[in-house]
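# Summary of the model geometry
Residue-level listing of the chains:
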Amino acid sequence: QVQLVESGGGLVQAGGSLRLSCAASGRTFSSYSMGWFRQAPGKEREFVARITWRGGRRDYADSVKGRFTISRDDAKNTVYLQMNSLKPEDTAVYYCAASRSFSLSFQWAQSYDDWGQGTQVTVSS
């Protein structure tokens with residue numbers, strides 16, 4: 001099991017930036033990759049970005065490419081999501097997730113095994 005705790009959310013104006021953190025603990029060695037998802041009111045949870053622990057492979061949703069950057073700090077067992085040029089449509093609860101196995105379907109929430117509680121990001125227009 002992996003325990004995940006997100007932080008760094010808040011209220012920001014459009015065009016601003018936020019940096020989210022996801023601190024992982026427990027059996028982190030069992031995780032293959034870490035991902036960020038978000039869920040806006042009335043919508044399904046959607047994929048944002050992911051990074052693999054071993055190779056640092058990064059993947060992004062088309063909606064955030066060029067604006068968001070996922071990164072990791074192995075020593076701290078922490079994954080970050082740097083969000084720049086934020087838009088009102090980025091408003092959502094952001095969740096950190098861990099996947100135990102390789103998957104070509106990393107955009108699917110069902111591919112992940114452990115989840116954090118989420119952190120609210122609100123972007124005003």
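Structural data are supplied above this passage.
Okay, so let's go over this structure. Numbers given for residues are sequential positions, taken from 1 along each chain in its written order. At least 70 in pLDDT is required for a residue's local features to be given in this predicted model, at least 80 for side-chain atom pairs to be given and counted, and no such filter applies to totals for whole chains, interfaces and linings, which use all residues. Excluding hydrogens and water, the side-chain values take into account all heavy atoms of the structure.

In this structure, Met34, Trp36, Leu81, Met83 and Tyr94 are the most contacted members of the largest nonpolar core, which totals 33 residues. The helix count covers DSSP runs of H or I at least four residues long, the strand count covers runs of E at least two residues long, and both are numbered beginning at the N terminus. Elements with a minimum of two residues in this core: β1 (2–7), β3 (18–26), β4 (33–39), β5 (46–52), β7 (68–73), β8 (78–83), β9 (92–99) and β11 (119–124). With 5 residues, β9 is the single largest residue contributor to this core. For Tyr94, the contacting residues outside a window of four places in its chain are Glu6, Leu20, Trp36, Phe37, Arg38, Val48, Phe68, Leu81, Met83, Gly118, Thr119 and Val121. The criterion is simple. A nonpolar core is a set of buried Ala, Val, Leu, Ile, Met, Phe, Trp, Tyr and Cys residues joined through side-chain atoms within 4.5 Å. Burial classes follow relative accessibility: with a 1.4 Å probe on protein chains only, a residue under 20% of its type's maximum area counts as buried, one over 50% as exposed, and anything between as partly exposed. Note on contacts: a residue pair is in contact if any heavy atoms of the two residues lie within 4.5 Å.

Side-chain rings of Phe, Tyr and Trp, where Trp is taken by its six-membered ring, are said to pair if the distance between their centres is within 6.5 Å; with planes under 30 degrees apart they count as stacked, over 60 as edge-to-face, and otherwise as tilted. All told, the structure shown has 6 aromatic pairs when counted by the stated rule. Ring plane angle 80° and centroid distance 5.0 Å describe the contact between Phe37 and Tyr112, whose orientation is recorded as edge-to-face. Pair noted here: Phe37 is in strand β4 and Tyr112 is in the loop between β9 and β10 (114–115), with a separation of 75 residues, a long-range link. Pairwise contacts between aromatic rings join Phe37, Phe47, Phe106, Tyr112 and Trp115 into one cluster. To sit over a ring, a charge needs its Lys NZ or Arg CZ within 6 Å of the ring centre and within 35 degrees of the ring normal. Lying over the aromatic face of Tyr80, Arg19 brings its terminal NZ or CZ to 3.9 Å of the ring centre. Positioned above the aromatic ring of Tyr95 is the side chain of Arg45, whose terminal nitrogen or guanidinium carbon lies 3.8 Å from the ring centre.

What follows covers the state of the cysteines. Criterion for a disulfide: a pair of cysteine sulfur atoms at a distance within 2.5 Å. With the rule as written, the count across this model stands at 1 disulfide. With its sulfur 2.0 Å from that of its partner, Cys22 forms a disulfide with Cys96. Disulfide Cys22 to Cys96: torsion about the S-S bond roughly -80°, handedness left-handed. Of this pair, Cys22 sits in strand β3 while Cys96 sits in strand β9; the two residues are 74 residues apart in sequence, bridging distant segments of the chain. Taken as a pair, Cys22 and Cys96 share a single burial class, namely buried.

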